[in-house]
Amino acid sequence: MQPGDAGLSANLPNKHGRSSGRSIGLSIARRMVTDYMWAARAVPTVWVKRQLSIAQVAAARQRHPERPAWPTIFAKAFALAAAEIPQLRRAYIRLPWPHIHEYADSTVSILTERQLEDDTTIIPVRFRSPDTMALVELSRMMRLAVDTPLEATKFNRMMIGFSRLPFFLRRPVWWLSLNIPRMRRHTAGTFAISSAAPLNAELGRARTPISCLLTYGPLDAKGTLAVRLNFDHRIFDGLIAARALGRIEEILNTSILDELKGPGRAPRTPSATRLRARGRRRRRAS
């Protein structure tokens, strides 16, 4: 049994007869987070912040009969922006040599807190091409995934079983999974969504092995909120991140707003091909 992975604890008195505390072995939940942070250690992550004004979106969501979950709203808006801005679909890959891989479409990992045995951990809920899915469908699938026991899905069983292995076996597999494009999409996705807004809190800079991590804070009385884009600086620069946040705000107040205004109303959501063509025109113009 290796150090740190043991489940033993000790509560021994020191020379003064008082307890010196105890040692707590890493639970499966903590091993998952420890491995995630180990994978993020070498990623030069920086972030850009923007205040988004989305009062109409918040009001339309409030009136919607199903109130789509905010993480799915931001996931679809980000994926629509990524269809125009290819840098948001890229990953830094080390095999067989350092290069950047561009995916044809987006895969989101929505990071959710889950109970695992006697601890909590972060489990990703993954969706491919969220920009092509209806918000109601996307939200229903996310809520179903969160309510489903962890052991009921193959991916979660694999993650839990993998986390029971010794660390010297886990780390090489983590490295390979992030440096083989197909495995990386399956493991991490092309971008992630995370937030502490339901607890009226805001996340700051986040360390992550995922190329882009979007976080958002609580909505204020004026319908504005802070959005941060944590990104791998090897892939693109801060000005592109700032433009991406501006485009996400535009999409929220057009395509997403239309979709939230009522069941059966056709959203103004261009196809991925048209969005990419629009992105190319914008880049040539700039």
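Above this text sits the structure in question.
Quick caveat: nothing in here was measured; it's all calculated off a predicted structure.

Definitions and limits used
Residues numbered from 1 in each chain as written. Predicted model: local features only at pLDDT ≥ 70, side-chain atom pairs only at ≥ 80, totals over all residues. Heavy atoms only, no water. Pairing = 2+ DSSP bridges. Helix = DSSP H or I, 4+ residues; strand = E, 2+ residues; numbered from the N terminus. Axes fitted to C-alpha atoms, helices over the stretch in contact; angles between N-to-C directions. Contact = heavy atoms within 4.5 Å. Phe/Tyr/Trp six-rings, centres within 6.5 Å; stacked < 30°, edge-to-face > 60°. Buried < 20%, exposed > 50% of the residue type's maximum accessible area, 1.4 Å probe, protein only. Lys NZ or Arg CZ within 6 Å of the ring centre and 35° of its normal.

Colleague: What's the story with the sheet that holds strand β8 (residues 224-232) in this structure? I'm lost.
Modeller: Where strands meet in a sheet, backbone hydrogen bonds hold them as pairs that are either parallel or antiparallel. The mixed open sheet is built from six strands, whose spatial order is β1-β8-β7-β6-β4-β5. Edge strands, defined here as strands with exactly one partner in the open sheet, are β1 (45-53) and β5 (119-128). Mean inter-strand twist for the sheet, computed between neighbouring axes without regard to direction, equals 25 degrees. Those strands touched by helix α4 (residues 135-147) are β4 (107-116) and β5, and its axis lies near 30 degrees from that of β4. Sheet strands touched by helix α5 (residues 154-163): β4 and β5. Its angle to β5, the strand with the most contacts, is close to 140 degrees.

Colleague: Explanation requested: the packing of aromatic side chains in the structure shown.
Modeller: Where two aromatic rings form a pair, the distance of their centres and the angle of their planes describe that pair. For the coordinates displayed, the defined rule picks out five aromatic pairs. Here the aromatic rings of phenylalanine 167 and phenylalanine 168 are separated by 6.0 Å at their centres, their planes lie at 80 degrees, and the arrangement is edge-to-face. By relative accessible area, which is 37% here, phenylalanine 167 ends up partly exposed. By relative accessible area, phenylalanine 168 is classed as exposed at 52%. Ring geometry for phenylalanine 231 against phenylalanine 236: centres 4.7 Å apart, planes inclined by 15 degrees, an arrangement best described as stacked. Both residues of the pair, phenylalanine 231 and phenylalanine 236, count as buried. One aromatic cluster in this structure is built from Trp70, Phe74 and Tyr216. The ring of phenylalanine 155 is capped by arginine 126, whose NZ or CZ atom sits 3.7 Å from the centre of that ring. Above the face of the tryptophan 47 ring, arginine 228 is positioned so that its terminal group lies 4.5 Å from the ring centre.

Remember that the coordinates give geometry; whether it matters functionally is a separate question.
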